[in-house]
Amino acid sequence: MEIPAIEQRKYMEISAIWAVGLCFLLAGHGFEADASHHGSRNLQSNTTEQPYRTAYHFQPPKNWMNGGIGKWGLGNADPNGPMYYNGVYHLFYQYNPYAAVWGNMTWGHSISYDLVNWVHLEYALNPTDPFDINGCFSGSATILPGGEPVILYTGLDSQNRQVQNLAVPKNISDSLLREWIKSPHNPLMTPTNGIDGNNFRDPTTAWQGPDKVWRVLVGSLINGRGEALLYRSTDFVNWKKSQIPLHSSNKTGMWECPDFYPVSVSSRNGVDTSVKNADTKHVLKASFKENDHYIIGKYVPETDDYFIETDFLDAGSDLRYDYGNFYASKTFFDAAKKRRILWAWILESDTSSADIEKGWSGLQSIPRSVLLDQTGRRLIQWPIKEIEELRENQVTLLNKELKGGTVIEVHGTITASQADVEVSFDFPHLNEAEVLDPSWVDPHLLCSQKNASVKGGIGPFGLLVLASKDLTEQTAIFFRIFATQNEKHIVLMCSDQSRSSLRQDVDKTSYGAFVDVDPLHEKISLRSLIDHSIVESFGGEGRSCITARVYPELAINKEAHLYVFNNGTQSVKISRLDAWSMGKAEVVPNNRRRKSHFN
């Protein structure tokens, strides 16, 4: 199978070749797809009729992706089962094939060779059997020792219970994995012995211990405690629940979409899920309270003990993948490039009626690499390198002083509604830093109270993105530096949506996070990926991340502008700013359409 050499050429020179060539490749596999450049552009277009449709974030061609809280509290556990298999990246996702609202939960399936350009395939799992007749919900993929991929997923059965099921490829030699067969042994795990059938879902990627026994976690809520239920199996079919969960908490509520994986203490490489040695720590992630929280600890596979360093929601500890709009995430190990990749569902902040009108809802974050930082206390996330292939029309600013009250437009040939921006700031001194009140412990609240229009000492300074020419509309991603009473400094990062749109019917919540950087000894950096209605921002080289959805009325398409600003009293210096327009990801649609079997 020949793969187009996208990484060896500039994006604009090969985009059409990628789509057409892949069409021939798929045709060789007996797959029908529309690879016309016009067809692919319509899927990821940015016309005046669809100003919020993204250009380089993953989205299905139409309808509802990923969930939202439905009747059963299900459906927001996505992406599902991402994996790398035989040279192909696979992404499965919660999808309603028939409407832009929640319901009819099916597993959509798309493939890629670079995690940027995609082909939509036929649906992988449909709710057709007694064990999933009311919906095929979240799950994960596991690569067995012989190289065969398998899927564990939650089905809502004929009794409206959440049960765990197994699916395997129909043809293991098909690297596209177009067809899946559900196990005759389904359901493999059922809610018994005190497990609530309404709170028993989202199996993780399984891992194998030194005893060759498989382990998997399932999220649950038992007697008010969020739990990661631990199951074991010798054959991947017959599973037995451990009497003790891997971990639990009485502070969190239900644990959705748990994830459990090793990270290297000393290497920049990712680690396969079943690896355990003295050079690894383990991350446990749970989705609750509208955010993806994680903890770090040492896992002992011989006893399945997990010794954590700080627990979920402990005072002074609030570890999250992202402090904005980012939920139901899933990681996978990319064996080709020795890295762990993180995906997440980014829900709409618009109204349901607007979703129906535009014909789609939900998108995926840009895939991020995940590493343990040098302190061993938190994770670092960064957009995958492949996304940089879409960069074009670079603009650079060097050593530019930003006096207090300054707003500078980033001019040039970049398209501000579809851009990638990296900037680093330096300071002549920190004398004017505001003193941090000890009661200011909630960064979200602090960013709401001290938004971009509130002058400070050092800050707010940062970027104004998706801004109108007169700044009537703007989304501000910025920093403030505070001084503590013991002469240390605290850096606050904010994403301020309060002026993001003239519309009054969209969510304009501001988000905030503290960034673990020392401004006395290092620059403060920010990277923002801007894509029409989404802004993903990475502070401190990925130590804190914030994602926002915005819906401007004025600052759309070519009417969007990009600015760098300083609204503090102290001057700051732009050490370096690089901005690029971003090209469009190529998407090849599936021409097959299946009639609804739902009433």
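The present account deals with the structure reproduced in this document. (Residues numbered from 1 in each chain as written. Predicted model: local features only at pLDDT ≥ 70, side-chain atom pairs only at ≥ 80, totals over all residues. Heavy atoms only, no water.)

**As for the nonpolar core**
Part 1 of the reasoning: Of all hydrophobic cores here, the largest spans 44 residues; its most connected members are Phe 425, Phe 427, Phe 461, Ile 481, Leu 562 and Leu 577.
Part 2 of the reasoning: Among the elements that make up this core, the one with the highest residue count is strand 30 (residues 458-467) (five residues).
Part 3 of the reasoning: What Phe 427 contacts, discounting residues up to four positions off in sequence, is Ile 458, Phe 461, Ile 481, Pro 519, Ile 524, Gln 570 and Val 572.
Part 4 of the reasoning: Counting 18 residues, the second largest nonpolar core, distinct from the first, contains Val 216, Ile 222, Phe 236 and Trp 239. (Core = buried A, V, L, I, M, F, W, Y, C linked by side-chain atoms within 4.5 Å. Buried < 20%, exposed > 50% of the residue type's maximum accessible area, 1.4 Å probe, protein only. Helix = DSSP H or I, 4+ residues; strand = E, 2+ residues; numbered from the N terminus. Contact = heavy atoms within 4.5 Å.)

**Considering the sheet that holds strand 18 (residues 291-300)**
Part 1 of the reasoning: Read across the sheet, four strands follow the order 16-17-18-19 without closing on themselves; strand pairing throughout is antiparallel. If you trace the sheet from one side to the other, it starts and ends with strand 16 (256-264) and strand 19 (305-308), each paired once. Adjacent strand axes in the sheet meet at a mean angle of 35° when their direction is disregarded.
Part 2 of the reasoning: Here seven bridges tie strand 17 (residues 280-288) to strand 18, and the two strands are oriented antiparallel to one another. (Pairing = 2+ DSSP bridges. Axes fitted to C-alpha atoms, helices over the stretch in contact; angles between N-to-C directions.)

**Description of the pairing of strand 18**
Each regular strand shows side chains that alternate between the opposite faces of the sheet.
Part 1 of the reasoning: Of all ten residues in strand 18, eight are buried, a share of seventy percent or more.
Part 2 of the reasoning: The antiparallel hairpin formed by strand 17 and strand 18 contains two residues in its connecting segment, where Lys 289 sits at a positive phi of about 50°.
Part 3 of the reasoning: Bridge count for strand 18 against strand 19 is four bridges, and the pairing is antiparallel. Directly across from Val 300, in strand 19, lies its bridge partner Asp 305.

**A look at the pairing of strand 17**
Part 1 of the reasoning: Of all nine residues making up strand 17, nine are buried, and the element is well covered by its neighbours.
Part 2 of the reasoning: Here strand 17 shows a buried face lined by Thr 280, His 282, Leu 284, Ala 286 and Phe 288 and a second buried face lined by Lys 281, Val 283, Lys 285 and Ser 287.
Part 3 of the reasoning: As paired elements, strand 16 and strand 17 share seven bridges and run antiparallel to each other. If you follow Asp 259 over to strand 17, its bridge partner there is Lys 285.

**Considerations on the side chain of Lys 508**
Part 1 of the reasoning: With respect to the secondary-structure elements, Lys 508 resides in the loop between strand 32 (489-496) and strand 33 (511-515).
Part 2 of the reasoning: Comment: no salt bridge for buried Lys 508; closest opposite-charge side chain is Glu 473, at 7.3 Å.
Part 3 of the reasoning: Of note is the side chain of Lys 508, whose polar atom sits 2.7 Å from the backbone oxygen of Ser 501.
Part 4 of the reasoning: Lys 508 has contacts with Gln 497, Ser 498, Ser 500, Ser 501, Leu 502 and Arg 503, leaving out every residue within four places of it along the chain. (Lys, Arg positive; Asp, Glu negative; His and termini not counted. Salt bridge = Lys/Arg side-chain N within 4 Å of Asp/Glu carboxyl O. Polar contact = N/O pair within 3.5 Å; in protein donor to acceptor, adjacent residues only side chain to side chain.)

**Some remarks on the packing of aromatic side chains**
Part 1 of the reasoning: Under the criterion given, the structure shown has 27 aromatic pairs.
Part 2 of the reasoning: Seen from their ring centres, Tyr 95 and Tyr 123 are 6.0 Å apart, and the 45° between their planes marks the pair as tilted. Of this pair, Tyr 95 sits in strand 3 (residues 88-96) while Tyr 123 sits in the loop between strand 5 (118-120) and strand 6 (136-143), and the two are 28 residues apart along the sequence. For the pair formed by Tyr 95 and Tyr 123, the shared burial category is buried.
Part 3 of the reasoning: Members of the aromatic cluster, each reached through a chain of ring pairs, are Phe 58, Tyr 93, Tyr 95, Trp 118, Tyr 123 and Trp 343. (Phe/Tyr/Trp six-rings, centres within 6.5 Å; stacked < 30°, edge-to-face > 60°.)

**A short note on the sheet that holds strand 36 (residues 544-549)**
Part 1 of the reasoning: The antiparallel open sheet is built from six strands, whose spatial order is 26-38-28-34-35-36. Each edge of the open sheet is held by one strand with a lone partner, namely strand 26 (391-402) and strand 36. Taking each pair of neighbouring strands and ignoring which way they run, the sheet shows an average axis angle of 15°.
Part 2 of the reasoning: The pairing of strand 35 (residues 534-539) with strand 36 spans six bridges and is antiparallel. Bridging from a neighbouring strand, Glu 536 pairs with Thr 547 of strand 36.

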